Amino acid sequence: MKKVVIGFFIFLALLLITAAIVPVLFKDKIKQALDKEIAKNIDARVLYETDDVSLSLFRDFPNLSLGVDNLSVIGKDSFATDTLARIPSFRMGLNLMSVISGDELKVNSITLDEPVIRLIVLESGKANWDIMLEDSLADETPVDTAASDFRMAIKGWEVNNGTLYYDDLSIPFGMAAYNVNHTGSGDFEQDVFDMESHTTVDRFVMTYDGTNYIQNARLNADVTMAMDLNQSLYTFKDNNIRINEFPFKFDGTILMPEENIDMDLTFTATETDFRNVLSVVPGMYSEQFEDINTEGKLSFDGYLKGRMNDTLMPGYGVDLKVIDGMFKYPDLPEAARNINVDMSVDSKDGELANTNVEVRQFHLDLGKNPVDAKVVIAGLDSVMQVDGNVKANIDLAEMTKVFPVEGMTLRGLLKVDADAKGTYSETSMPVIDADMNLTNGYVKSEEFPAPIQDLNMVTNIRNTTGNTDDTRINIERFNMTLDGEPLEGNMLVQGIDQPAFDGRIKGILDLTKLTKIFPLEDMTLSGRINADVAAKGKMSDIEAEKYNNITANGTMAINDLTFVSTDLPQGMKINQANATFNNERINLQNMNGYLGKSDIQASGSLSNYIGYAMADNQSLRGTFNISSNLFDVNEWMVDENTGAPVEETASEGVVEVPANLDVALNIDAKQVLYNNLKLNNVSGQVQVKDKIARLNKVTFNTLGATFATNGSYNTQSLQQPLFDMNLDIQDLGFKEAFNSFNTIQALAPIAGVLEGKFSTNFAFAGELGQDMIPIFNTVDGSGVIRVLRAAVGNVAIVDKISNLTNIQELKNFVIENKVIDAQIVDGKLVVKPFELNVGNIDMKVGGSNDASGNIDYVTTLNVPTGKVGREINTRLASMIGSESLATSERINLNLNIGGTVSDPKVSLAGGSVKEQAANVVQDAVQNKLDEARQEVDERKQQLQDTVQAELNRRKQEVERQAQQELEKKRREAEQQIKKQATDKVGGFLKQLTKPAATPADTTQGGN
């Protein structure tokens, strides 16, 4: 017995040792297989750290558990900035024997903890989840099932506390699901099996075209599907899906062997209480819903049938009926009764143009107030046939006895009577006769003691012909008082395409009081506006800039206006501003306030403001004088996702100059903060027009220097933003320039090791990257650099020259009042030859360096014979001859300087005893210029060839489409001619076969 116990413990110890060793032995092997499968199958960036990969035999025994933490999947091209999936914890259960055998890895289970998955479809139809690589040899060679190191033998999978976003811009349709928990099981090693899944979602939102049709709903789904992997046929078996309290189920099949998906599905509600469908009505499902009393029955069913692919959608249909529905909140005295709905949506082929919506009946009584509506819509595309009406007489006080309106008192009579019949399209409108009147309105909020009262509005919409230009929208009267302060107005708009307008608004708008009565979501707005503004005219005159035909006048005074929102977290405040209006312009006077923490004072004028407000293609023109004591630009460099200020290295994305602005801003600021710079005494003009911002005579002081600049920033192409700049800088320190400007760091890194100051007048231009940093190989420019004083010491380049030549004077020297000509060609700084004198040594220097830090310079040193060391003397003697060297008082050394500024490479290229030898620098620099210009010309020619090829392709595409259109019209014309001929022949034959008219019987009549 003792031996048995000892043997058992030895076996147990070996088992534990094996469990600890196996993950270590096979970790690298599995990691390599995982990387190999990702590279072979996924066209996306899959990011994870090696240290975040773990293996364990204990976590999922007897499976080997492979875990990857902090896993991210990021798309490419159009989705390069979108994270498809972010998974804090990803685990796979691997069959242990498959790991040991090494033939292939069987994946038995997958678990995802707290994943965030974002699915996006662009307007073009391109989807960010389409990341699987296609096998280019798939059509030529048989599928090798053994080619993969992984085998998906999944028997179970699990998602814990996930978040799912789906945004389809092509429809447009959106969906969001929060706190998603999902489990599933099925034997994927079999060809035919049942797959079971259970899904719960705590909060579910579904949006179509900007409207939330399901909001903050709960989802619970149990689904069993029969899986036939050989035929790619999936059949719904037992299933029950519940949104809030609305349960339904699916029956039918989905067949998807290749790209096409063939559906033959029906769905139906599994319970018939009106309460179930009421739970999915937006705004109804809340904490109080379980206490609502309901009555009535419903029926709900529909279908999805047909093929779905890139060009086709399946047919679909939904039928909903509610019979004698009723709901009543327990704390309210009245109920909504007699709710009867009979409606259907049907599209046999899935096309919007062939979709029919029919609301045969919609009726409910809100207390004693009836609401009735009927509508038939044929087609939901650009052309719709509409026939409908709605009638409602609602006492708002009675309505609040049915619906809870917390914290607010409503009174007044609302009457709606609208009929519409006809065709809706770009060129036509249904015949419309609609009235909406509110009488004696009253609104009082618990958040503010004074009510809105005497609220009256008379509105009607008329169109008697069906032509868009005959549409008449008339707000005959609008008036109200808030805390004793009146506001009134009216507006008449006639026509849709070229509307004529006549409107006025007069009174006081107290935004502080209004927003307490009607709270705004995600924003704060307060202040007072006192306005008396009227405008009358035609849009056609505005577009033609015939402002004499427009009547506009008025005044506006703004006091203590404050605005803060999620999009503008810094906020803005206008302490005071006065404006006067006429036909052509708005004159702004005495405006002062804050943008964020920055104070501003402004005055000026705006013209074409009516055209800008009422037309998409009209520009707002104007001139403003803006001053500030302290303006902090850094406060406006915010992260797009969080709205929080970001580090300067993280601010990415091209800042777009607005398209419809034509304004000039005359700026006078005592101090401007930008990144780590303090710009003092900033003055000049910024002109914004045609998506280009231009700087005109902008001057400022910073870093102890004076700056004057002219230039532009062009965002007419956001993919290829351009800039040009003309800088005039006086007395700027070398090190200050290097530490503050990335262009200096890239093109003149030697500035970082020089002591002293320089001035420059330099002009350069090029492209900006998406991070707003110049793309240096596109930059060209030229200018003059005036070295006022530069102390050269402990500089690697001159140290290498000194060590090579044994000339100690070159280790430390001073340059004063030296003018250097330079050019930027193809992103390289080319320094034209310039001369230096260091003691009795004459130097000539020239060359280039690029943005990668590489340098390529040539220098000649004219030195007394014998000044250089023995090694250089020996090499010179072999080059120019011992006799020439011995008889010359001075010699020339030609040196090549390569490598980088921090690690230069200096070599002797030659020598001479003639002064003309210094021309070698001039020739070398000219060669560098010629090479750089040739590279620019070649790149320009390549770009022109690419553009021309694209133009030719588009031309051929247009010609092909035009030919197809002509052929289509020719066939239609032939069919029309045939039809007309058939009709005429048919009519002629009818005339031949018609019986002759019977003559009148004159014998039967009298005289």
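Each chain carries its own residue numbering, running from 1 in the direction its sequence is written. Given that the model is predicted, a residue must reach a pLDDT of at least 70 before its local features are reported, and side-chain atom pairs must reach 80 or more before they are shown or counted; all residues, however, enter totals for whole chains, interfaces and linings. Where side-chain values are given, they derive from all heavy atoms of the structure, hydrogens and water being excluded.

J.: Just checking my understanding: could you explain the overall build of the chain for this structure?
T.: Numbered from the N terminus, helices here are DSSP runs of H or I no shorter than four residues, and strands are runs of E no shorter than two. Helices and strands together make up the secondary structure of the chain, namely 13 helices and 46 strands. When accessible area is computed with a 1.4 Å probe and restricted to protein chains, residues below 20% of their type maximum are described as buried, those above 50% as exposed, and intermediate ones as partly exposed. Evaluated residue by residue, the chain yields a buried proportion of 38% over its 1007 residues. The accessible surface values rely on the Shrake-Rupley method and a 1.4 Å probe; as for residues, cover is taken only from the protein chains in view. Summed over all atoms, the accessible surface of the chain reaches about 56800 Å², with 52% contributed by carbon and sulfur.

J.: How should the packing of aromatic side chains be read in this particular structure?
T.: Ring pairs (aromatic) are described by centroid distance and by the angle formed between their planes. Stacked, edge-to-face and tilted labels apply to pairs of Phe, Tyr and Trp rings (six-membered ring for Trp) whose centres lie within 6.5 Å, assigned for plane angles under 30 degrees, over 60, and everything in between, in that order. Overall, the coordinates contain 19 aromatic pairs when judged by the stated rule. Grouped by ring-pair contacts, the aromatic residues Phe-236, Phe-246, Phe-248, Phe-250, Phe-267 and Phe-300 constitute a single cluster. The ring of Tyr-442 carries Arg-411 above its face, with NZ or CZ at 3.8 Å from the centroid. Ring-over charges, as used throughout, are those where CZ of Arg or NZ of Lys falls within 6 Å of the ring centre and within 35 degrees of the ring normal.

J.: I would appreciate a short explanation of a negative patch on the surface in the present structure.
T.: The patches described consist of residues with a relative accessible area above 30% and no salt bridge, like charges being joined within 9 Å and nonpolar side chains (Val, Leu, Ile, Met, Phe, Trp, Tyr) within 5 Å. Salt bridges are counted wherever a side-chain nitrogen of Lys or Arg sits within 4 Å of a carboxyl oxygen of Asp or Glu. The charge count treats Lys and Arg as positive and Asp and Glu as negative. His and the chain ends do not count. We put the charge of a Lys on NZ, of an Arg on CZ, of an Asp on CG and of a Glu on CD. On the surface, Asp-130, Glu-258, Glu-259 and Asp-310 cluster together into a patch of negative charge. Looking at the element boundaries, Asp-310 is found in the loop between β15 (293–308) and β16 (315–328). For Asp-310, a relative accessible area of 82% puts it in the exposed group.

J.: Could you clarify how one ought to interpret helix α10 (residues 796–805) in this entry?
T.: Each full turn of the α-helix corresponds to 3.6 residues, which orients residues three or four apart in the same direction. Those residues of α10 that sit buried are Ile-797, Val-798, Ile-801, Ser-802 and Thr-805. Taken end-on, α10 shows its buried residues confined to a sector of 130°, consistent with a single buried face. Looking one or two residues beyond α10, the residue adopting positive phi is Asn-806, at roughly 65°. Think of it as the arc spanned by the lines of direction from the helix axis to the C-beta atoms.

J.: Looking at this structure, how should I read the nonpolar core?
T.: Most often, soluble globular proteins keep nonpolar side chains buried together rather than apart. Remark: nonpolar core denotes a set of buried residues (Ala, Val, Leu, Ile, Met, Phe, Trp, Tyr, Cys) joined through side-chain atoms within 4.5 Å. Counting 92 residues, the largest nonpolar core has Ile-801, Met-843 and Leu-861 as the members making the most contacts within it. In this structure, Met-843 is in contact with Leu-810, Phe-834, Glu-835, Leu-836, Val-838, Thr-859, Thr-860 and Leu-861, ignoring residues within four places of it in sequence. Membership of the second largest hydrophobic core comes to 86 residues, among which are Leu-55, Leu-96, Met-225 and Leu-482. The contact definition used throughout considers only heavy atoms, calling two residues in contact when any of these lie within 4.5 Å.

J.: I keep staring at the pattern of salt bridges and nothing clicks. Help me out?
T.: When the charged atoms of two side chains with opposite charge come close together, those side chains can pair. One pass over the structure, following the stated rule, counts 23 salt bridges. The residue Arg-307 makes a salt bridge to Asp-262 at a minimum N-O spacing of 2.7 Å. Taken together, the residues Arg-307 in strand β15 and Asp-262 in strand β14 (residues 261–269) connect sequence positions 45 residues apart. Of the charged contacts, one joins Asp-483 and Lys-513 as a salt bridge, the two residues approaching to 2.9 Å between their closest N and O atoms. Within this pair, whereas Asp-483 is found in the loop between β24 (472–482) and β25 (485–494), its partner Lys-513 is found in helix α5 (residues 511–517), the two being separated by 30 residues in sequence. Looking at Lys-513, the relative accessible area reads 13%, which means it is buried. What emerges from the salt-bridge pattern is a single network uniting Asp-483, Glu-485, Asp-510, Lys-513 and Arg-528.

J.: It is not clear to me how the pairing of strand β40 (residues 774–793) should be interpreted in this structure. Could you clarify?
T.: For a regular strand, side-chain orientation follows a simple rule: the groups alternate between the two sheet faces. In short, DSSP must find at least two bridges between two strands for them to pair. In the sheet, strand β39 (residues 755–768) pairs with β40 via 13 bridges, with the strands oriented antiparallel. Along β40, the bridge assignment pairs Phe-762 with Gly-783. The loop that links β39 with its antiparallel partner β40 comprises 5 residues; one of these, Met-772, has a positive phi angle of about 65°. When β40 meets strand β41 (residues 812–825), the two strands line up antiparallel, connected through 12 bridges.

J.: What should I look at first to understand unusual backbone geometry in this one?
T.: Comment: phi is negative for the bulk of residues other than glycine, and the bulk of peptide bonds are trans. The phi angle at Asn-161 is positive, at roughly 50°, despite the residue not being glycine. The phi dihedral of Asp-454 falls on the positive side, at around 55°, and the residue is not glycine. Within the secondary structure, Asp-454 is located in strand β23 (residues 448–463).

J.: I'm lost on the environment of Gly-296 in this one. Help?
T.: Position of Gly-296 relative to the elements: it lies in strand β15. Taking relative accessible area as the criterion, Gly-296 reaches 22% and is therefore assigned partly exposed. With 22 residues separating them in the primary sequence, Gly-296 and Phe-274 have C-alpha atoms 5.1 Å apart. Once residues within four sequence positions are removed from consideration, Gly-296 is found in contact with Thr-272, Asp-273, Phe-274, Ile-323, Asp-324 and Gly-325.

J.: Explain the side chain of Glu-485 here, please?
T.: As for its position among the elements, Glu-485 is in strand β25. Whenever two N or O atoms come within 3.5 Å, that pair is a polar contact, provided that in protein one can donate a hydrogen and the other can accept it, and provided that, for residues adjacent in sequence, both atoms are side-chain atoms. A polar contact of 2.9 Å, which involves the side chain of Glu-485, links it to the side chain of Arg-528. If we ignore the near neighbours within four places in the chain, the residues touching Glu-485 are Met-480, Ile-508, Asp-510, Lys-513 and Arg-528.

J.: Would you mind showing me how to read a nonpolar patch on the surface here?
T.: A contiguous nonpolar surface patch, about 410 Å² in accessible area, is contributed by Ile-171, Tyr-208, Tyr-213, Leu-352 and Leu-380. Tracing the backbone shows Leu-380 in the loop between β19 (369–378) and β20 (384–395). Leu-380 gets classed as partly exposed once you look at its relative accessible area, which sits at 32%.

J.: What am I meant to see in the environment of Met-195 here?
T.: When you line up the elements, Met-195 lands in strand β10 (residues 192–208). Note: C-alpha distance between Met-195 and Lys-237 (42 residues apart in sequence) is 9.8 Å. With residues up to four places along the chain from it excluded, the contact list for Met-195 reads Trp-157, Ser-185, Phe-188, Val-223, Thr-224, Met-225 and Met-227.

J.: Before we go on, may I ask you to explain the side chain of Thr-702 in this structure?
T.: Along the chain, the position of Thr-702 falls in strand β36 (residues 692–702). Residue Thr-702 is classed as buried on the basis of its relative accessible area of 3%. Only 2.9 Å separates the side chain of Thr-702 from the backbone oxygen of Lys-678, close enough to count as a polar contact. Thr-702 has contacts with Leu-677, Lys-678, Leu-679 and Phe-707, leaving out every residue within four places of it along the chain.

J.: Help me understand the pairing of strand β31 (residues 598–607), please; the structure alone is not making it clear to me.
T.: The element β31 is largely enclosed, with a buried count of 8 among its 10 residues. For strand β30 (residues 585–595) and β31, the ladder comprises 9 bridges, and the chain directions are antiparallel. Bridge pairing in β31 links Asn-592 to Gln-601. Count of turn residues in the β30/β31 antiparallel hairpin: 2 residues, of which Gly-596 carries a positive phi of about 65°. In the sheet, β31 pairs with strand β32 (residues 620–628) via 7 bridges, with the strands oriented antiparallel.

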